[in-house]
Amino acid sequence: TGTRMNSGGRPKQFLELHGKPILIHTIEQFEHHPEIDNIAVVCIAGWIDYLKGLLHRHGIQKVKWIVPGGTTSQESTRNGLNAIAADQDPADTIVLIHDGVRPLITPELIHDNIQCVKDYGNAITVAPAIETIITTGDGACVDQVIDRSACRLARAPQSFVLKDILDMHHRALAENYDEMIDSASLMMHYGVRLHIVNGPPEN
């Protein structure tokens, strides 16, 4: 919803950049990629009709599912995955989970995510940590300065075999875990070993 941006009531993904909503810039990266078959968009329910108009206006053809979002990021992601799973074989489908407001991805990054899932079962896009990272237990003092050469920032896409990520979502739902910040955190919570793909820091 972009509440931190104070964008005047318009969700941040619909703000325009060079005459086109940021969300459309992002979707086009997947629309034009030969390895992407279909796209699911999870959208604020009250903006779905507006989104449909944008997709038509900009000639987007690969969006197969438009799904209302949930009350948390985790629920929204789960809604999108469930829509895909109702129409595709979860064991034979690779999904790239991406943020609508991160348009600065490349065809190479999309390919590398897909290939990493084929090779290792999952792919987490990361960017180098370029600032000093500290830990603090009490919020007032520095406990430790971490060697940033060993640190990465988790970004998107985060990519999986659909069955694997959906199984973890259903498990979390049954156990009342519904506040995971992203898919990587969810998978790590259940002990899944994650593999990284290097992405552009500016995204």
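The rules behind these values
- Residues numbered from 1 in each chain as written.
- Predicted model: local features only at pLDDT ≥ 70, side-chain atom pairs only at ≥ 80, totals over all residues.
- Heavy atoms only, no water.
- Helix = DSSP H or I, 4+ residues; strand = E, 2+ residues; numbered from the N terminus.
- Rg over C-alpha atoms; globule rule 2.2 N^0.38 Å.
- Buried < 20%, exposed > 50% of the residue type's maximum accessible area, 1.4 Å probe, protein only.
- Contact = heavy atoms within 4.5 Å.
- Areas by Shrake-Rupley, 256 points an atom, 1.4 Å probe, with all protein chains shown as cover.
- Lys, Arg positive; Asp, Glu negative; His and termini not counted.
- Charge placed at Lys NZ, Arg CZ, Asp CG, Glu CD.
- Salt bridge = Lys/Arg side-chain N within 4 Å of Asp/Glu carboxyl O.
- Expected span 1.5 Å × (residues − 1).
- Arc of directions from axis to C-beta.
- Pairing = 2+ DSSP bridges.
- Axes fitted to C-alpha atoms, helices over the stretch in contact; angles between N-to-C directions.

Draft legend 1. Fine view of the overall build of the chain. Scanning the chain for helices and strands turns up six helices and ten strands. The C-alpha radius of gyration computed for the chain amounts to 18 Å, which stays within 12% of the reference 17 Å derived for 203 residues, consistent with globular compactness. Taking all 203 residues of the chain together, 40% fall into the buried category. In the chain, of all internal contacts separated by at least 6 residues, the share reaching a separation of at least 24 is 67%. Counting every atom, the chain has about 11,400 Å² of accessible surface; 50% of that belongs to carbon and sulfur. For the chain, the distance from the average position of its 17 positive side-chain charges to the average position of its 25 negative side-chain charges is 4 Å.

Draft legend 2. Structural context of the pattern of salt bridges. In the structure shown here, the tally under the stated rule is six salt bridges. Linking E28 and K20 is a salt bridge whose minimum nitrogen-to-oxygen distance equals 3.1 Å. The residues E28 and K20 share a single accessibility class, namely buried.

Draft legend 3. How the structure looks around helix α4 (residues 107-120). The end-to-end C-alpha distance of α4 is 20 Å, a good match for the 20 Å that 14 residues give at a rise of 1.5 Å each. Among the residues of α4, those classed as buried are L109, I110, N113, I114, C116 and V117. Buried residues along α4 cover an arc of 160° about the axis, so they all sit on one side. Opposite the packed face of α4, turned more than 90 degrees from it, sit the exposed residues E108 and K118.

Draft legend 4. Inspection of the sheet that holds strand β10 (residues 196-198) at higher detail. With respect to topology, four strands assemble into an open sheet ordered β5-β9-β6-β10, the strand pairing being mixed. For this open sheet the edge positions go to β5 (94-97) and β10, each flanked by a neighbour on one side alone. Averaged over all adjacent pairs, the angle separating strand axes in this sheet is 30°, with direction ignored. Relative to strand β9 (residues 152-161), β5 is paired through four bridges, and the arrangement is antiparallel.

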